[in-house]
Amino acid sequence: MSSVEAGLREFIRALVREELAALHGDAAHRELVQAGPPSSATPEAQPPLDKAVYTAEEVARLLGCSPKAVYAKVSRGQLPGAFRVGRSLRFRGSELLPFILEGHVPSPRRSRR
């Protein structure tokens, strides 16, 4: 299992815990929510998966590649949701995360103009 898949699984588990606590409201579910993810998860290793905007460095960590590779993929049209703020590259989480979840990477031949 890749680190992206593991991070997404932990994010989904946390959401399920929160929903169960909200639905049931009992002490056992509140304890699960307060406990949070297992201690083996390192927040520094992966950026949070619920952000609206990601930097190129955060996307690189999510994809398991270098920031330079992220810039190259954007120039080839292989990553969705990219936009510039000055000279910096940013990504819309609403477009990028579904793309990562699907696990599809377009062919460089198809994406070049």
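Thresholds applied
- Residues numbered from 1 in each chain as written.
- Predicted model: local features only at pLDDT ≥ 70, side-chain atom pairs only at ≥ 80, totals over all residues.
- Heavy atoms only, no water.
- Helix = DSSP H or I, 4+ residues; strand = E, 2+ residues; numbered from the N terminus.
- Buried < 20%, exposed > 50% of the residue type's maximum accessible area, 1.4 Å probe, protein only.
- Contact = heavy atoms within 4.5 Å.
- Areas by Shrake-Rupley, 256 points an atom, 1.4 Å probe, with all protein chains shown as cover.
- Polar contact = N/O pair within 3.5 Å; in protein donor to acceptor, adjacent residues only side chain to side chain.
- Pairing = 2+ DSSP bridges.
- Axes fitted to C-alpha atoms, helices over the stretch in contact; angles between N-to-C directions.

> Break down the overall build of the protein chain for me, citing the residues and quoting the values.
Along its length, the protein chain carries 6 helices and 3 strands. In sequence order, the secondary structure elements of the protein chain are arranged as α-α-β-α-α-β-β-α-α. For the protein chain, buried positions account for 24% of its 113 residues. In the protein chain, of all internal contacts separated by at least 6 residues, the share reaching a separation of at least 24 is 41%. Total accessible area computed for the protein chain in this model is approximately 7,800 Å², and 55% of it derives from carbon and sulfur atoms.

> Could you give an account of the side chain of glutamine 78, with specific residues and numbers?
Relative to the assigned elements, glutamine 78 resides in the loop between helix H4 (67-75) and strand S2 (82-85). By relative accessible area, which is 6% here, glutamine 78 ends up buried. A distance of 3.1 Å separates a polar atom in the side chain of glutamine 78 from a polar atom in the side chain of arginine 76.

> An account of helix H3 (residues 56-63) is requested, with residue identities and associated values reported.
Residues of H3 that are buried include every one of Ala56, Glu58, Val59, Ala60 and Leu62, and no others. Glycine 64 lies just past H3 and shows a positive phi near 75°.

> Outline the sheet that holds S2, supporting the account with residue identities and numerical values.
Backbone hydrogen bonds are what pair the strands of a sheet, in a parallel or an antiparallel way. What the 3 strands build is an open sheet, ordered S1-S3-S2; its pairing is antiparallel. Two strands in the sheet have a free side with no partner beyond their single neighbour: strand S1 (53-55) and S2. With strand direction ignored, the average angle separating the axes of adjacent strands in the sheet is 40°. Strand contacts of H3: S1 and strand S3 (88-92), with the helix running at about 85° to S1, the strand carrying the most contacts. Contacting S2 and S3, H4 runs over the sheet at an angle of about 70° to S3.

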